[in-house]
Amino acid sequence: MAAPSTVASCEDFAEFQELLRVMRTIDDRIVHELNTTIPTASFVGKIDAGQTCKELYQSLMDAHTSRERIIKNCIAQTSSVVKTLREEREKAQDDVALLKQLRKEQTKV
């Protein structure tokens, strides 16, 4: 079970959370994955348990790497937006809408 290879949109936080939830499927189903990967006594000779465990491990590592990359990318994107908004806020101290947008982005980070 591989993680979906998709480009994360950081604009919609709910959409981003849903993407992460989907990407956690392999972690959430690890007991099931182990039960289906490790052969029972009747199938020991028919399945290479070492190879299937390696494949499961690689799937887990790929999923973790993908999630980490997407999370770090969104943090970097949102931090850049916060930096820009802070600079704009310094120029326009009385702009309430700008302040709200800045707070929203800071909360997202």
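An unreviewed UniProt entry annotates the protein chain as Protein MIX23 originating from Indicator maculatus. As recorded by UniProt, the Sequence similarities (unreviewed entry) comment attached to the protein chain reads in full: "Belongs to the MIX23 family."

Visitor: Can you lay out helix α4 (residues 49-91) for me, pointing to particular residues and giving the numbers?
Guide: Between its first and last C-alpha atoms α4 spans 63 Å; for 43 residues at 1.5 Å apiece the expected length is 63 Å, and the two agree. What α4 keeps buried is the set L56, S59, L60, A63, S66, R67, I70, C74, T78, V82, L85 and R89. Structurally, α4 contributes buried residues whose contacts are with α1 (13-23), α2 (25-28), α3 (30-37) and α5 (96-108).

Visitor: Describe the UniProt feature "coiled-coil region" (unreviewed entry) in the protein chain, naming the residues involved and giving the relevant values.
Guide: According to UniProt, the positions carrying the feature "coiled-coil region" (unreviewed entry) are residues 75-105. Taken end to end, residues 75-105 comprises 87% helix and 0% strand; its first and last C-alpha atoms sit 10 Å apart.

Visitor: Before we move on, can you summarise α1 with the specific residues and values?
Guide: Burial in α1 covers these residues: F16, L19, L20 and M23. One face of α1 carries all of its buried residues, which in axial projection span an arc of 95°. Buried residues along α1 sit in contact with α2 and α4. Backbone nitrogen of A14 and a side-chain oxygen of the N-cap are separated by 3.2 Å at the start of α1; the cap is D12.

Cut-offs and rules
In every chain, residue numbers begin from 1 and rise along the written sequence. Reporting of local features is limited, given that this is a predicted model, to residues whose pLDDT is at least 70; pairs of side-chain atoms are given and counted only at 80 or more, and all residues count toward the totals for whole chains, interfaces and linings. Side-chain metrics in this entry use all non-hydrogen atoms of the structure; hydrogen atoms and water are not considered. UniProt positions are given in the numbering used here, feature names are shortened, and annotations may be inferred rather than shown by experiment. Each helix is a run of H or I in the DSSP string that is no shorter than four residues. Each strand is a run of E no shorter than two, and both are numbered from the N terminus. By this rule the span expected of a helix is its residue count minus one, scaled by 1.5 Å. Partly exposed describes any residue whose relative accessible area lies between the buried limit of under 20% and the exposed limit of over 50%, with all areas from a 1.4 Å probe on protein chains only and scaled to the type maximum. Any two residues whose heavy atoms approach within 4.5 Å at even a single point are treated as in contact. This arc is built from the directions going out from the helix axis to the C-beta atoms. Throughout this description, a polar contact denotes any pair of N or O atoms lying within 3.5 Å of each other; where both atoms belong to protein, one of them has to be capable of donating a hydrogen while the other can accept it, and for residues adjacent in sequence the pair is counted only when both atoms sit in side chains.

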